[in-house]
Amino acid sequence: MSDIKIVAASIVNFLKRQLEGDTLSVDSRESVEVGVQCIETAFELGPEDNARGVDLLQLIRQQRTPLSAAPKADRADAERLKNEGNDLMKSDKHREALEKYSRAIELDSANPVYYCNRAAAYFRLGEHEAAVADCTAALALQPDYGKAHGRLGLALTALERHREARAAFARASQLEPENESYRQNLRLADELLQQRGERPPLDLGGLLQNPALLNMATEMLADPNMQNIISGLMSGNGATPGAGGLAGVGGGPAGPGGMTALLEAGQALAQHMQAANPELVEQLRRQVRPPGGPQPPQ
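Residues numbered from 1 in each chain as written. Predicted model: local features only at pLDDT ≥ 70, side-chain atom pairs only at ≥ 80, totals over all residues. Heavy atoms only, no water.

A few words now on the UniProt feature "repeat: TPR" (unreviewed entry) in the chain. This chain's UniProt record puts "repeat: TPR" (unreviewed entry) on residues 78-111, 112-145 and 146-179. Secondary structure content for residues 112-145 is 79% helix and 0% strand, while the C-alpha to C-alpha distance between its ends is 8 Å. Measuring from the first to the last C-alpha atom of residues 146-179 gives 10 Å, for a span that is 79% helix and 0% strand. (UniProt positions renumbered as here; feature names shortened; annotations may be inferred. Helix = DSSP H or I, 4+ residues; strand = E, 2+ residues; numbered from the N terminus.)

Written out as structure tokens, the structure is:
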């Protein structure tokens, strides 16, 4: 079930709950009923789809309720229930753990850890859409929650939504770069995308924060030959690597000589990178290399 269908189903569920109450006038009820029918028809929603919608009111209340709003006693009880749920997870009693986490959320609905833990229980039970919804709720409360991004990636992978899963693993790796499991899952997501004939998106954010790449850039800028090349490009002259100085080239960077200078600079940069860190170069190649050809989904 796609995210769009989840949103549509959530709206339908909200409207149906309003119809169950007595706050709507007769005319309003008719309008809402027509709206429900139109949404269900437009998005091809069935009873099983509506059952997977999330509680929109609960999400709104979570965002409006600060963590400190829960009474101290309730927060203590919620933490106790969370710990009991963790023990049950270790004993593979996933359904019982889920109930503990749900009760913890009822007491303290602004704690993202409880949603993330319940997502793990849903995942173990094979209820991957529910796991996605809980990870999303956790991230709405704490966008930089690495574990929630990682678990979201696992649930999306189980739903074969590999491009979205890759984005989740990439963000988890960015937030917790020392976590090897996130990096491994990111590589697996790339492989799955390539098996489907898709090119993994270039993770510029992760590359720019890669310590090895930053160190390499610092070393390159400190190299006199690189400084000559950069100075030549900026002044409109071409630097000939290894020639001991600048070789004047007419026409500026946009002319034929400038193009030659750019090519020479690119070659020099590539050679420097290959010599300094061949493993990082291979990583960059994997990110920009087109897949070997379309293959059927696995």
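Here the focus is the environment of L156. Relative to the assigned elements, L156 resides in helix α9 (residues 146-158). Considering only alpha carbons, one finds L156 and A168, 12 residues apart in sequence, at a separation of 8.7 Å. When residues no more than four places from it in sequence are discounted, the contact partners of L156 are V132, R161, E164 and A165. (Contact = heavy atoms within 4.5 Å.)

A separate point is the packing of helix α7 (residues 112-124) against helix α8 (residues 128-141). For the pair α7 and α8, interaxial distance at closest approach is 8 Å and the crossing angle is 165°. By the angle between their directions, the pair α7 and α8 is classed as roughly antiparallel. Here the hand of the crossing between α7 and α8 comes out left-handed. Contacts from P112, Y115, C116, R118, A119, Y122 and F123 in α7 reach H128, A130, A131, D134, C135, A137, A138 and L141 in α8. (Axes fitted to C-alpha atoms, helices over the stretch in contact; angles between N-to-C directions. Parallel < 35°, antiparallel > 145°, perpendicular 65-115°, else oblique. Left-handed = near helix turned anticlockwise from the far one by under 90°.)

What follows concerns the environment of K5. For K5, the position within the fold is in helix α1 (residues 3-20). By relative accessible area, K5 is classed as partly exposed at 23%. Sequence separation between K5 and E44 is 39 residues; the distance between their C-alpha atoms is 8.5 Å. (Buried < 20%, exposed > 50% of the residue type's maximum accessible area, 1.4 Å probe, protein only.)

Attention now moves to the side chain of D134. Inspection of the secondary structure assignment puts D134 in helix α8. The exposure class of D134 is buried, given its relative accessible area of 5%. Apart from the residues within four sequence positions on either side, D134 is in contact with Y115, R118, A119 and Y122.

Turning next to α7. Given a rise of 1.5 Å per residue, 13 residues ought to cover 18 Å, and the 19 Å separating the end C-alpha atoms of α7 matches this to within 8%. Most of α7 is tucked away, with 10 of its 13 residues classed as buried. Regarding α7, the residues found buried are P112, Y114, Y115, C116, N117, R118, A119, A120, A121 and Y122. N-cap assignment for α7: the residue whose side-chain oxygen lies 3.0 Å from the backbone N of V113 is N111. Once α7 ends, the next one or two residues include G126, with phi positive near 80°. (Expected span 1.5 Å × (residues − 1). Polar contact = N/O pair within 3.5 Å; in protein donor to acceptor, adjacent residues only side chain to side chain.)

Both trends apply: most residues other than glycine have a negative phi, and most peptide bonds are in trans. The residue E44 is not glycine, and still its phi comes out positive at about 55°. One non-glycine residue, E160, lies in the positive phi region at around 60°. Along the chain, the position of E160 falls in the loop between α9 and α10 (162-175).

The terminal C-alpha atoms of helix α2 (residues 26-42) lie 24 Å apart, and with 17 residues this matches the ideal 24 Å at 1.5 Å per residue to within 8%. The complete set of buried residues in α2 reads V32, V36 and I39. One face of α2 carries all of its buried residues, which in axial projection span an arc of 70°. Of the residues in α2, the exposed ones pointing more than 90 degrees away from the buried face are V26, D27, S31, Q37, T41 and A42. Residues of α2 that are buried make contact with α1. Positive phi shows up at E44, right after α2, with a value of about 55°. (Arc of directions from axis to C-beta.)

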